[in-house]
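The residues making up each chain are set out below.
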Amino acid sequence: MAKYVPPKQSKLGQIFDVIVLLVLIIGALRLPLLLGMAGGSKVSAPVADPTWETLKQSPAMVEKWNALGITDPASVNEMITARYDYWAFSTLELLVMIVVVIGYFVLVVRFSNVEYKEVIAEKFGDRK
Amino acid sequence: MAKASQAAAPAVEKISLLRVLGPAHVWALGVGIVLVGEYMGWNFGVGKGGAYAALIACWFAGLLYTCVAMIDSEVTSTVAAAGGQFTQAKHIVGPLMAFNVGLYLVFAYTMLEAGNAITIGFLVDTVANMAGHSGIDQRPFIILSIMFLAWLNYRGVLATLNFNLVITAIAFIAVILLFFGVAPWSADSPLKHADLMAGDAALPYGWIGVVAAMHFGLWYYLGIEGTTQAAEEVRSPARALPFGTMAGIITLLIAATLTWYVCAGLMPWEYLGQAGVPLFDAGRLSGSTTLMVLLGIGTLFSTLASANGCINDASRAWFGMGRDHYLPAWFGAVHPKFRTPYRSIIFLVPVALVFALGAPLDQVITFSILSGLLEYTFMPINVILFRKKWPLDTIKRGYVHPFHPLPALVLLALCAVTYFAVFLGYGTQLIAMVGFYIVVSLWFHFWRYRFVKRGDQFTMPWPRPRGY
């Protein structure tokens, strides 16, 4: 196989690639945060006029809350009543996740294999 | 390796990294990055499933990382080069996989670094509140810690890892002293496991909460595989890397179990599940001012050690990609005096700051975990192809992991469970992150790869891989 000679990238081209990468990194990772799509889907269900009893806290638990400096149950009403609803997801969402993750690895391994064949052919020569 | 790097690089890069590190530094690099997982973050698993769920997740994640360490030690003892798993992927799977693995490493570590900086700010705020100074601005502390550690890394690897060795040891000893300080065997112990974990508090979400807790279970150990990043700077890689990594996993298993035991016995799960600095809180609840101060110092040291190691590892991965032209070659330069990948170190500082200054801790941690999870999914693929392309009789390994392919299959199964665990509650973040990797993969394959030499990427003195 003939040796591949890559084009020399200009300084401007290098800077452009760095900018593209930065935009992709910060954009793709910050966008879900900015759009509120990231983070846990925990929902609070605060109780009215909370007491330690209505928040289902035993005397031992209350002792620990107090030791942490929290003596007013109303101040932790949201924290104590917040819960995930794990069964709320749809099967479609789960399937999308499975397809995206598996599809991603299939894509990467297949494209890698195409590139890898060129590397091996150039390094070790074409197979007889 | 120095020869190979010289062959592939322009004149400015003809200075190699220094081989000055021993097994203790490898241990310090691995444990130093990860021990912070005991000081913050792991407890979000309690929030996702309750205290028992977090313990079960801790052990299953321990099994996952044992598989990671076994697999990684075999491949690393053979591919001892800077860039760690990036270089492995390049030789075993192919360039695009290598590019992705390089990015996994950079983002897992850079997000972890950002998480560490957030925790430093939170700790300073907590201590200031306790001293009666409420509402201080955390941002200067976040910026200062990242800038100081980047400067330390810029100056040299030996000083950096000696610093890590000392502060990691102190942070680890603090966890052990806390365990003895709360005296679980004594009738006067403040630990109240039976009372705090009774009834609904035992497993508040049932068994699905145990699966969900696997998400943050990884946080107990995430980053231990970073030991391989120092491969080109270790005096005897084939001996020091497996030894340092295995010793690191054992250390972390002990620290993780002790941490869970003490914290679950001191705090209601609803508080523990969202606490910013749980071990410091445990120190406060121990009733001992000495322990509180010690755990405060431990939290500070563990976050500094972790951020320090993260900068070290992320910059090596970025440097490795620059040296191979996967990224602009400018990043592949070594400092003429300090012999460090200084341009990569500097470049990643603003990326860490963007996330440390503008994102909540659990979400930054999830970004880090997701990049780590993608990397662990790559490892079984990597080792199966490694054994297939180069069976045991074809190249000499420094270490051969037993029971192949069982560890690879167990690792793959645990990764699948963890994807589902992240999906439970953080599904959109998972899709967004994988979407990002798909986009950059297409950018690399159809654009960036044209600037990469082909045969020169293969630098190991190995025979032709079978089947090619």
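Residues numbered from 1 in each chain as written. Chains lettered and ligands numbered in written order. Predicted model: local features only at pLDDT ≥ 70, side-chain atom pairs only at ≥ 80, totals over all residues. Heavy atoms only, no water.

Attention now goes to the overall build of chain A. In terms of regular secondary structure, chain A is built from four helices and two strands. The order of helices and strands in chain A, counted from the N terminus, is α-β-α-α-β-α. For 128 residues, the compact-globule estimate of 2.2 N^0.38 gives 14 Å, and the C-alpha radius of gyration of chain A, at 28 Å, exceeds that figure by more than 25%. Summarising its shape, the C-alpha atoms of chain A cover approximately 80 × 35 × 25 Å along the three principal directions. Residue burial in chain A is summarised as follows: out of 128 residues, 37% are buried. Long-range contacts, defined here as pairs at least 24 residues apart, represent 61% of the contacts in chain A between residues at least 6 apart. (Helix = DSSP H or I, 4+ residues; strand = E, 2+ residues; numbered from the N terminus. Rg over C-alpha atoms; globule rule 2.2 N^0.38 Å. Buried < 20%, exposed > 50% of the residue type's maximum accessible area, 1.4 Å probe, protein only. Contact = heavy atoms within 4.5 Å.)

Attention now moves to the overall build of chain B. Scanning chain B from terminus to terminus reveals 18 helices and zero strands. Its C-alpha radius of gyration of 22 Å places chain B within 12% of the 23 Å reference for a compact globule of 468 residues. For the C-alpha atoms alone, the extent of chain B along its principal axes is close to 65 × 45 × 40 Å. A total of 468 residues make up chain B; the buried ones form 69% of that total. The long-range share in chain B, meaning contacts at least 24 apart out of those at least 6 apart in sequence, stands at 84%. Charge separation in chain B, taken as the distance between the mean sites of 27 positive and 21 negative side-chain charges, equals 17 Å. (Lys, Arg positive; Asp, Glu negative; His and termini not counted. Charge placed at Lys NZ, Arg CZ, Asp CG, Glu CD.)

Below, the discussion takes up the domain arrangement of chain A. When its domains are assigned, chain A resolves into domain 1 (12–38), domain 2 (44–88) and domain 3 (89–128). The straight-line distance from the C-alpha centre of domain 1 of chain A to that of domain 2 of chain A is 40 Å. (Domains from an automatic or database assignment.)

The next point concerns helix α4 (residues 91–124) of chain A. With 34 residues, α4(A) should reach 50 Å at 1.5 Å per residue; the first-to-last C-alpha distance of 48 Å fits that figure. Just past α4(A), the residue Gly125(A) takes up positive phi, approximately 85°. (Expected span 1.5 Å × (residues − 1).)

What follows covers the packing of helix α7 (residues 95–130) of chain B against helix α18 (residues 406–446) of chain B. Residues and elements named next belong to chain B. Contact geometry for α7 and α18: axes closest at 10 Å, N-to-C directions at 135°. In terms of orientation, α7 lies oblique with respect to α18. Between α7 and α18 lies a crossing of right-handed hand. Between α7 and α18, the residues in contact are Pro-95, Leu-96, Phe-99, Asn-100, Leu-103, Tyr-104 and Phe-107 and Phe-436, Tyr-437, Val-440, Ser-441, Trp-443 and Phe-444, respectively. Of the residues in the contact of α7 with α18, the class split is eleven nonpolar, two polar and no charged. (Axes fitted to C-alpha atoms, helices over the stretch in contact; angles between N-to-C directions. Parallel < 35°, antiparallel > 145°, perpendicular 65-115°, else oblique. Left-handed = near helix turned anticlockwise from the far one by under 90°. Nonpolar A, V, L, I, M, F, W, Y, C, P; charged D, E, K, R; others polar.)

Take the nonpolar core next. By size, the foremost hydrophobic cluster in this structure holds 195 residues, and its most contacted members are Phe99(B), Trp318(B), Tyr376(B) and Tyr437(B). Residues contacting Tyr437(B), with those up to four places away along its chain left out, are Tyr104(A), Asn100(B), Leu103(B), Tyr104(B), Phe107(B), Ser371(B) and Leu374(B). (Core = buried A, V, L, I, M, F, W, Y, C linked by side-chain atoms within 4.5 Å.)

Attention now moves to the interface of chain B and chain A. At the interface, 98 residues of chain B touch 70 residues of chain A. At the boundary of chain B with chain A, total buried surface from both sides reaches about 7,400 Å², with 73% on carbon and sulfur atoms. By the criterion of area lost to chain A, the three top residues of chain B are Arg454(B), Arg464(B) and Tyr468(B), representing 10% of everything that side buries. Linking chain B with chain A are three salt bridges, by the criterion used here. Taken together, the connections running from chain B to chain A amount to 22 residue pairs in polar contact (both at pLDDT 80 or more). The biggest single contributor to the side of chain B that touches chain A is α18(B), with 24 residues. Looking at the side of chain B that touches chain A, its residues break down into 64 nonpolar, 18 polar and 16 charged. (Buried area = accessible area lost by both parts, 1.4 Å probe. Salt bridge = Lys/Arg side-chain N within 4 Å of Asp/Glu carboxyl O. Polar contact = N/O pair within 3.5 Å; in protein donor to acceptor, adjacent residues only side chain to side chain.)

Bringing the packing of helix α15 (residues 289–323) of chain B against helix α16 (residues 342–356) of chain B into the picture now. Residues and elements named next belong to chain B. Between α15 and α16, the least distance of the axes is 8 Å, while the angle of their chain directions is 115°. Classified by the angle between their axes, α15 and α16 sit roughly perpendicular to one another. You can see that α15 and α16 cross each other, and the crossing is right-handed. Within the contact between the two elements, α15 uses Ile-311, Ala-314, Ser-315, Arg-316, Trp-318 and Phe-319 and α16 uses Ser-344, Ile-345, Phe-347 and Leu-348. Here the contact of α15 with α16 is built from residues that sort into seven nonpolar, two polar and one charged.

With that out of the way, let us pick up the packing of aromatic side chains. The final tally for this structure, using the stated rule, is 44 aromatic pairs over all chains. Taking 5.6 Å as the distance between ring centres and 75° as the angle between the ring planes, the aromatic pair formed by Phe107(B) and Phe436(B) counts as edge-to-face. Note that Phe107(B) is positioned in helix α7 and Phe436(B) in helix α18, a separation of 329 residues in sequence. Note on accessibility: Phe107(B) and Phe436(B) belong to one class, buried. The ring centre of Tyr84(A) lies 6.0 Å from the NZ or CZ of Lys48(B), which sits over that ring. Its guanidinium or amino end placed over the ring of Tyr4(A), Arg454(B) lies 4.0 Å from that ring's centre, counting from NZ or CZ. (Phe/Tyr/Trp six-rings, centres within 6.5 Å; stacked < 30°, edge-to-face > 60°. Lys NZ or Arg CZ within 6 Å of the ring centre and 35° of its normal.)

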